[in-house]
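Here is how the chains run, residue by residue.
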Amino acid sequence: YWTPYRSGKRMSATAPKPSQTESNATRASYLELQEALEADIDSAETVADVIAALEAAADAATSVAEELHEKASNIEDGFQHETEMSSQFNEQADEVESWADDLRGAGEEADEVEEPGDEPEAPDRTAFADTEEGRAAYDDALTTYSDAHEAWVEATEAWEEHQTALDDAKSAAQDALGSAPEV
(Lines give C-alpha, C1' and ligand atoms only; values in the text may rest on other atoms or scores of the structure.)
Protein backbone atom coordinates (compact mmCIF):
# COMPACT_ATOMS: atom_id res chain seq x y z
CA TYR A 1 0.00 0.00 0.00
CA TRP A 2 0.98 3.63 -0.35
CA THR A 3 -0.24 6.95 0.89
CA PRO A 4 -0.12 10.03 -1.32
CA TYR A 5 0.46 13.31 0.51
CA ARG A 6 -2.62 14.34 2.53
CA SER A 7 -4.69 11.48 1.25
CA GLY A 8 -5.99 8.11 2.39
CA LYS A 9 -4.16 4.81 2.24
CA ARG A 10 -4.36 3.03 -1.11
CA MET A 11 -3.68 -0.62 -1.78
CA SER A 12 -2.41 -2.28 -4.91
CA ALA A 13 -0.79 -5.55 -5.94
CA THR A 14 1.87 -3.60 -7.85
CA ALA A 15 4.06 -0.65 -7.01
CA PRO A 16 2.27 2.67 -7.50
CA LYS A 17 2.83 4.66 -10.66
CA PRO A 18 4.00 8.26 -10.30
CA SER A 19 0.54 9.50 -11.31
CA GLN A 20 -1.01 7.52 -8.45
CA THR A 21 1.18 9.09 -5.80
CA GLU A 22 0.86 12.68 -7.03
CA SER A 23 -1.51 14.83 -4.97
CA ASN A 24 -1.65 17.71 -7.50
CA ALA A 25 -4.51 16.79 -9.87
CA THR A 26 -3.06 18.60 -12.88
CA ARG A 27 0.36 17.04 -12.45
CA ALA A 28 -1.25 13.63 -11.85
CA SER A 29 -3.17 13.97 -15.14
CA TYR A 30 0.02 14.92 -16.92
CA LEU A 31 1.94 11.96 -15.48
CA GLU A 32 -0.96 9.65 -16.30
CA LEU A 33 -0.98 10.71 -19.95
CA GLN A 34 2.76 9.99 -20.15
CA GLU A 35 2.27 6.55 -18.58
CA ALA A 36 -0.61 5.77 -20.95
CA LEU A 37 1.40 6.90 -23.97
CA GLU A 38 4.34 4.73 -22.99
CA ALA A 39 2.06 1.70 -22.54
CA ASP A 40 0.28 2.38 -25.85
CA ILE A 41 3.56 2.71 -27.73
CA ASP A 42 4.83 -0.55 -26.27
CA SER A 43 1.65 -2.42 -27.22
CA ALA A 44 1.26 -0.85 -30.70
CA GLU A 45 1.18 -3.40 -33.49
CA THR A 46 0.71 -1.00 -36.39
CA VAL A 47 1.75 2.50 -37.34
CA ALA A 48 -1.92 3.48 -36.99
CA ASP A 49 -1.80 2.34 -33.34
CA VAL A 50 1.24 4.55 -32.71
CA ILE A 51 -0.39 7.54 -34.43
CA ALA A 52 -3.62 7.02 -32.45
CA ALA A 53 -1.64 6.86 -29.19
CA LEU A 54 0.21 10.05 -30.08
CA GLU A 55 -3.05 11.83 -30.97
CA ALA A 56 -4.70 10.73 -27.73
CA ALA A 57 -1.69 11.88 -25.71
CA ALA A 58 -1.59 15.20 -27.59
CA ASP A 59 -5.28 15.78 -26.82
CA ALA A 60 -4.69 14.97 -23.15
CA ALA A 61 -1.65 17.27 -23.09
CA THR A 62 -3.73 20.08 -24.58
CA SER A 63 -6.23 19.53 -21.77
CA VAL A 64 -3.46 19.80 -19.18
CA ALA A 65 -2.22 23.00 -20.84
CA GLU A 66 -5.73 24.44 -20.64
CA GLU A 67 -5.85 23.60 -16.92
CA LEU A 68 -2.53 25.37 -16.42
CA HIS A 69 -3.72 28.45 -18.32
CA GLU A 70 -6.90 28.43 -16.21
CA LYS A 71 -4.84 28.29 -13.00
CA ALA A 72 -2.78 31.26 -14.20
CA SER A 73 -5.93 33.17 -15.11
CA ASN A 74 -7.50 32.50 -11.71
CA ILE A 75 -4.39 33.79 -9.94
CA GLU A 76 -4.32 36.91 -12.12
CA ASP A 77 -8.03 37.52 -11.51
CA GLY A 78 -7.52 37.21 -7.77
CA PHE A 79 -4.53 39.55 -7.59
CA GLN A 80 -5.67 41.79 -10.47
CA HIS A 81 -2.22 41.50 -12.07
CA GLU A 82 0.26 38.92 -13.27
CA THR A 83 2.28 37.21 -10.56
CA GLU A 84 5.37 35.03 -10.60
CA MET A 85 3.20 31.95 -10.06
CA SER A 86 0.74 32.83 -12.84
CA SER A 87 3.66 33.53 -15.16
CA GLN A 88 5.14 30.12 -14.28
CA PHE A 89 1.79 28.38 -14.99
CA ASN A 90 1.54 30.15 -18.36
CA GLU A 91 5.10 29.13 -19.27
CA GLN A 92 4.39 25.51 -18.30
CA ALA A 93 1.17 25.58 -20.33
CA ASP A 94 3.03 26.91 -23.38
CA GLU A 95 5.67 24.18 -23.03
CA VAL A 96 2.99 21.48 -22.73
CA GLU A 97 1.15 22.87 -25.79
CA SER A 98 4.41 22.82 -27.75
CA TRP A 99 4.99 19.23 -26.64
CA ALA A 100 1.45 18.31 -27.76
CA ASP A 101 2.29 19.70 -31.21
CA ASP A 102 5.50 17.62 -31.20
CA LEU A 103 3.46 14.52 -30.36
CA ARG A 104 1.08 15.16 -33.25
CA GLY A 105 4.02 15.57 -35.63
CA ALA A 106 5.95 12.52 -34.44
CA GLY A 107 3.97 9.97 -36.47
CA GLU A 108 2.96 12.07 -39.48
CA GLU A 109 5.29 10.52 -42.03
CA ALA A 110 4.45 6.87 -41.38
CA ASP A 111 2.12 5.07 -43.78
CA GLU A 112 -0.11 2.12 -43.05
CA VAL A 113 0.44 -1.07 -45.06
CA GLU A 114 -1.56 -4.29 -44.94
CA GLU A 115 0.22 -7.52 -44.07
CA PRO A 116 0.66 -9.71 -47.16
CA GLY A 117 -1.22 -12.98 -47.29
CA ASP A 118 0.25 -16.38 -48.01
CA GLU A 119 2.44 -16.87 -51.05
CA PRO A 120 0.33 -17.95 -54.03
CA GLU A 121 0.71 -21.52 -55.21
CA ALA A 122 1.85 -22.38 -58.71
CA PRO A 123 -0.70 -24.19 -60.85
CA ASP A 124 -0.42 -27.97 -61.00
CA ARG A 125 0.23 -29.09 -64.58
CA THR A 126 -1.45 -32.43 -63.97
CA ALA A 127 -4.73 -30.66 -63.22
CA PHE A 128 -5.04 -29.59 -66.86
CA ALA A 129 -6.01 -31.88 -69.73
CA ASP A 130 -3.24 -32.88 -72.12
CA THR A 131 -4.91 -31.16 -75.02
CA GLU A 132 -4.25 -27.91 -76.79
CA GLU A 133 -7.05 -26.24 -74.79
CA GLY A 134 -5.65 -27.70 -71.55
CA ARG A 135 -2.17 -26.41 -72.36
CA ALA A 136 -3.59 -22.94 -73.16
CA ALA A 137 -5.53 -22.95 -69.90
CA TYR A 138 -2.37 -23.99 -68.05
CA ASP A 139 -0.40 -21.17 -69.72
CA ASP A 140 -3.10 -18.70 -68.66
CA ALA A 141 -3.00 -20.07 -65.10
CA LEU A 142 0.79 -19.82 -65.11
CA THR A 143 0.62 -16.17 -66.25
CA THR A 144 -1.97 -15.41 -63.54
CA TYR A 145 0.25 -17.14 -60.98
CA SER A 146 3.30 -15.20 -62.15
CA ASP A 147 1.44 -11.88 -61.78
CA ALA A 148 0.08 -12.88 -58.37
CA HIS A 149 3.50 -14.01 -57.18
CA GLU A 150 5.09 -10.73 -58.32
CA ALA A 151 2.38 -8.77 -56.47
CA TRP A 152 2.95 -10.90 -53.38
CA VAL A 153 6.71 -10.25 -53.48
CA GLU A 154 6.05 -6.49 -53.74
CA ALA A 155 3.54 -6.67 -50.86
CA THR A 156 6.04 -8.60 -48.75
CA GLU A 157 8.73 -6.00 -49.41
CA ALA A 158 6.27 -3.20 -48.56
CA TRP A 159 5.35 -5.04 -45.36
CA GLU A 160 9.00 -5.31 -44.36
CA GLU A 161 9.41 -1.58 -45.03
CA HIS A 162 6.27 -0.99 -42.96
CA GLN A 163 7.74 -2.91 -40.05
CA THR A 164 10.79 -0.62 -40.27
CA ALA A 165 8.43 2.37 -40.39
CA LEU A 166 6.60 1.01 -37.33
CA ASP A 167 9.89 0.74 -35.46
CA ASP A 168 10.76 4.27 -36.59
CA ALA A 169 7.35 5.58 -35.51
CA LYS A 170 7.72 3.92 -32.11
CA SER A 171 11.18 5.41 -31.77
CA ALA A 172 9.92 8.88 -32.72
CA ALA A 173 7.07 8.50 -30.23
CA GLN A 174 9.50 7.45 -27.49
CA ASP A 175 11.67 10.47 -28.34
CA ALA A 176 8.64 12.75 -28.14
CA LEU A 177 7.68 11.18 -24.83
CA GLY A 178 11.22 11.71 -23.56
CA SER A 179 11.03 15.40 -24.44
CA ALA A 180 8.02 16.04 -22.18
CA PRO A 181 8.47 19.25 -20.19
CA GLU A 182 8.25 19.28 -16.41
CA VAL A 183 4.94 20.39 -14.92
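What comes next is a walk through the structure. Here the structure is a predicted model, which is why all the values come from computation and not from measurement.

To continue, consider the pattern of salt bridges. This structure, assessed with the given rule, holds 6 salt bridges. Arg27 is the salt-bridge partner of Glu22, the closest N and O atoms lying 3.7 Å from each other. Among the residues examined, Glu22 registers a relative accessible area of 23% and is labelled partly exposed. Taken together, the shared-partner salt bridges connect Glu55, Asp59, Asp101 and Arg104 into one network.

Further remarks concern the packing of helix α2 (residues 25-43) against helix α5 (residues 132-178). Packing of α2 against α5 leaves a shortest axis separation of 10 Å and a crossing angle of 165°. Taken together, the axes of α2 and α5 lie roughly antiparallel to each other. In this structure, the crossing between α2 and α5 has a hand that is left-handed. On the side of α2, the interface is formed by Gln34, Leu37, Glu38, Ile41 and Asp42, while α5 contributes Lys170, Ala173, Gln174 and Leu177. Of the residues that constitute the contact of α2 with α5, the class distribution is 4 nonpolar, 2 polar and 3 charged.

What follows deals with the packing of helix α3 (residues 47-79) against α5. α5 packs onto α3 with a crossing angle of 20° between their chain directions and a minimal axis gap of 9 Å. The angle between α3 and α5 falls in the class roughly parallel. Handedness of the crossing formed by α3 with α5: left-handed. Together, Val47, Val50 and Leu54 of α3 and His162, Ala165, Leu166, Ala169, Lys170 and Ala173 of α5 make up the contact between the two elements. Here the contact of α3 with α5 is built from residues that sort into 7 nonpolar, 1 polar and 1 charged.

Conventions used here
Residues numbered from 1 in each chain as written. Predicted model: local features only at pLDDT ≥ 70, side-chain atom pairs only at ≥ 80, totals over all residues. Heavy atoms only, no water. Salt bridge = Lys/Arg side-chain N within 4 Å of Asp/Glu carboxyl O. Buried < 20%, exposed > 50% of the residue type's maximum accessible area, 1.4 Å probe, protein only. Axes fitted to C-alpha atoms, helices over the stretch in contact; angles between N-to-C directions. Helix = DSSP H or I, 4+ residues; strand = E, 2+ residues; numbered from the N terminus. Parallel < 35°, antiparallel > 145°, perpendicular 65-115°, else oblique. Left-handed = near helix turned anticlockwise from the far one by under 90°. Contact = heavy atoms within 4.5 Å. Nonpolar A, V, L, I, M, F, W, Y, C, P; charged D, E, K, R; others polar.

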